[in-house]
Amino acid sequence: MHNFILEERVFIWSAALLYLVAFIFGFYSLSRSKRYPRIILITLAIVGFSFHTLGLYERGLKTNSCPLGNPFEIIQFITWTSILLYLVIGPAFRMSLLGFFSTGFAASLGILSLLIAKWDHPYQTGPFGINPWIETHASLALFSYGIFATLALTSTMYLVQNYGLKQKRSKGMANLLPSILQLDQMNKRLLFMAVIVFTFAISVGMVKWIVDFGQIQNIKLIFTLTLWLSYLIVLILRIFNYLIGIKFAWVCVILFSASLFTLWPIDASRPTFNENPSQRLP
Amino acid sequence: MQKELLLFATTHRTAPLEIREQFAINSDRIASLYTGLCKIESLEECLVLNTCNRIELYLISLKPEIKRAVENHFCKFHNFKIGHLHKFSFWKSGLDVVNHLFEVSSGIDSQMVGETEIIGQVKSSYKTAAEIASVGPILHRVFQKCFQSTKWVRNNTTIGEGQISIGSVAVDLALRIFGNLTFSRILVIGTGEVGKKTVKALKSRGANSISVSSQTFDNAEKLANEIAGQAIAFEDLPTVISNFDIIICSTASSKIIISSSMIKSTMYRRPNQPMFFIDLAVPRDIETQITNTPNVFLYNLDDLAEIANENLNSRIGEIDRCRQILQERANRLWSSLEYNGIIN
């Protein structure tokens, strides 16, 4: 029984279900009473985040590395980062409804990755568990993905607010969303932060690539650099006001969706291992 | 010979904003509408109630046939096709007219239910008609009773409580766009009462940079002094408009003041800063196509009233109660007019 409770998937399931409860409760409150239960949502998110952290920690102990070796772990890390950012950004910048969107995002992707068993396939720990630079590179890169996820959420909030204002809708969640100006400034800051973290992650990865040329798969390199370049171009266009407003928001949402799909070619390029990581002992 | 009480009206309930702005009459032209009406044979008394949401002609006639003559004069005055008029207007007679007037003056029939400005507008219209002696004993009596009933309803029901004004709706929308109004720069074009109230509502939520512009610079200066703002020459608008975040228009101009091309060039200078336009004028001062420009948000009087009324569901029960009270009072007045044999 004790071992079952310590099983990291139980923690991760608990986290995903708590996020789902928070999202459903938020949706119900918004649609029925037109009120946003901030305290309840943040409490559920904190408890869910604690389970999520424990689950990833357990998985890390078993894989002897930062758990980023298969799509399941990558998605869990991204959703964990997005909830972390909500807990930091939400109260600090008074980003109303960010919790609602973040818990919805974390619950949907988290449960999907838990349900599709083949995403949690075994993999070779290889350099991940040996070289701390690679660990740093991978965790920073995935952390930047988490920031891009939050950026996609705030961009969605921007699009909802903009649509509500243009269509002259005053009911529903539109009144509770942050202002157009606040969301726009937040999007700019998040993109700036994500590009810096992603650039640092890639720089760390490049050092390893130069030292050990054959180790990195070309497909992974191409997809990663394309994504980095795309976000860099978007940031430059945003800074010089060539890409603003709803176009900027749409690009952020589309680019993040596309970045999730790049995880598969990157993962496919990784050598697999005939062992379930959740059953592997350190 | 018995006289008949008639009402010819076009209101926000029967005509959309695009039509109402064609019927808009500024204060300079109201006298010429009266002149034409007074020439109609058998028309004993008349009173024109002219607001941005309604034009109502209260008439005392000796013959019911005057309807055609009134419609002809109205269409000629507005250069409007008579064939289309019936779609956007209606006639009432007898007791129904009294009921309607009582509901209008008490704010029940207003676009923003329960608003209090309408009673001032009814009183002002009555004063104008009295000055030019177009009202006689019947309309005098009907309107005096109307003022008494309105006062009673206002004092004895909760129809006016929790009033959601155009200003408060505009503030909510501004907060959805800018978040904080402390640094928002506001420009008021025109010196209308609704515009002034909207600025005061924005000021109460922290806005402190306010400028006023009017076709008559003296009027702009007067309002600017009143609200601790700054007056701007009307001619400078195209060059200075990009400095403002919230623009409130409430002029009596019959022409467009802010065009789509002006806003396109303005947004080129400030692409990343949203602009919020509030058009309180009828006819409208701002071209509707400006909403096609990104980061530009435009709300007119109908939009604001619709949002305000969405929040007024709690007042629906009170409206029924008011309507019942007003009907009882209208019936009493009508019975007394009939009893004295002065009206049919």
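This text follows the structure it describes.
Here is what the cut-offs are and how they apply
- Residues numbered from 1 in each chain as written.
- Chains lettered and ligands numbered in written order.
- Predicted model: local features only at pLDDT ≥ 70, side-chain atom pairs only at ≥ 80, totals over all residues.
- Heavy atoms only, no water.
- Pairing = 2+ DSSP bridges.
- Helix = DSSP H or I, 4+ residues; strand = E, 2+ residues; numbered from the N terminus.
- Axes fitted to C-alpha atoms, helices over the stretch in contact; angles between N-to-C directions.
- Phe/Tyr/Trp six-rings, centres within 6.5 Å; stacked < 30°, edge-to-face > 60°.
- Buried < 20%, exposed > 50% of the residue type's maximum accessible area, 1.4 Å probe, protein only.
- Contact = heavy atoms within 4.5 Å.
- Patch = residues over 30% accessible without salt bridge, like charges linked within 9 Å, V, L, I, M, F, W, Y side chains within 5 Å.
- Areas by Shrake-Rupley, 256 points an atom, 1.4 Å probe, with all protein chains shown as cover.
- Salt bridge = Lys/Arg side-chain N within 4 Å of Asp/Glu carboxyl O.
- Parallel < 35°, antiparallel > 145°, perpendicular 65-115°, else oblique.
- Left-handed = near helix turned anticlockwise from the far one by under 90°.
- Nonpolar A, V, L, I, M, F, W, Y, C, P; charged D, E, K, R; others polar.

Draft legend 1. Fine view of the sheet that holds strand β6 (residues 209–214) of chain B. All names here are of chain B. One open sheet holds the six strands; their spatial order is β7-β6-β5-β8-β9-β10, and the pairing between them is parallel. Every other strand in the sheet has two partners, leaving β7 (230–233) and β10 (296–300) as the edge strands with one partner each. Taking the axes of each pair of neighbouring strands and ignoring which way they run, one obtains an average angle of 20° across the sheet. Pairing analysis gives five bridges linking strand β9 (residues 275–279) to β10, with the strands arranged parallel. Looking across to β10, one finds that I278 is bridged to Y299.

Draft legend 2. Expanded view of the packing of aromatic side chains. All names here are of chain A. Here the structure, examined in full by the defined rule, presents 19 aromatic pairs over all chains. Look at Y145 and F198: their rings are 6.1 Å apart centre to centre, the planes differ by 90°, and that puts the pair in the edge-to-face class. With a gap of 53 residues between them, Y145 in helix α6 (residues 132–166) and F198 in helix α7 (residues 180–211) connect regions that are remote in the sequence. F198 matches Y145 in its accessibility class, with the two residues each being buried.

Draft legend 3. Up close: the sheet that holds strand β2 (residues 43–50) of chain B. Residues and elements named next belong to chain B. Strand order in the open sheet formed by four strands is β2-β3-β1-β4, and the pairing between neighbours is antiparallel. At either margin of the open sheet sits one strand with a lone partner, and together these are β2 and β4 (90–93). Taken over all neighbouring pairs, the strand axes of this sheet differ in orientation by 15° on average, direction set aside. Where strand β1 (residues 4–11) and strand β3 (residues 54–61) come together, eight bridges link them in antiparallel fashion. Across the sheet, E4 pairs through a bridge with S61, a residue of β3. Contacting β2 and β3, helix α2 (residues 27–38) crosses the sheet at an angle of about 155° to β2. Here helix α6 (residues 117–131) sits on the sheet and contacts β2 and β3; the angle it forms with β2, its principal contact strand, is near 145°.

Draft legend 4. A nonpolar patch on the surface, seen in detail. Residues and elements named next belong to chain A. Taken together, F192, I196, L229, I233, I236, L237, I239, F240 and Y242 make up a surface patch of nonpolar side chains, about 910 Å² in accessible area. Counting residues per element, the ones that place at least two in the nonpolar patch are α7 and α8 (218–239). Element by element, the count of residues in the nonpolar patch is highest for α8, at five residues.

Draft legend 5. Molecular detail of the packing of helix α2 (residues 8–32) of chain A against helix α5 (residues 98–115) of chain A. Residues and elements named next belong to chain A. Between α2 and α5, whose axes approach to 8 Å, the crossing angle comes to 140°. In terms of orientation, α2 lies oblique with respect to α5. The element α2 and its partner α5 pack so that their crossing is left-handed. In this structure, α2 uses R9, I12, W13, A16, L17, Y19, L20, A22, F23, G26, F27 and L30 to contact α5, whose residues at the interface are F100, T103, G104, A106, A107, I111, L114 and L115. Of the residues contributing to the contact of α2 with α5, the split by class is 16 nonpolar, three polar and one charged.

By themselves, these figures tell us nothing about what the structure is for.
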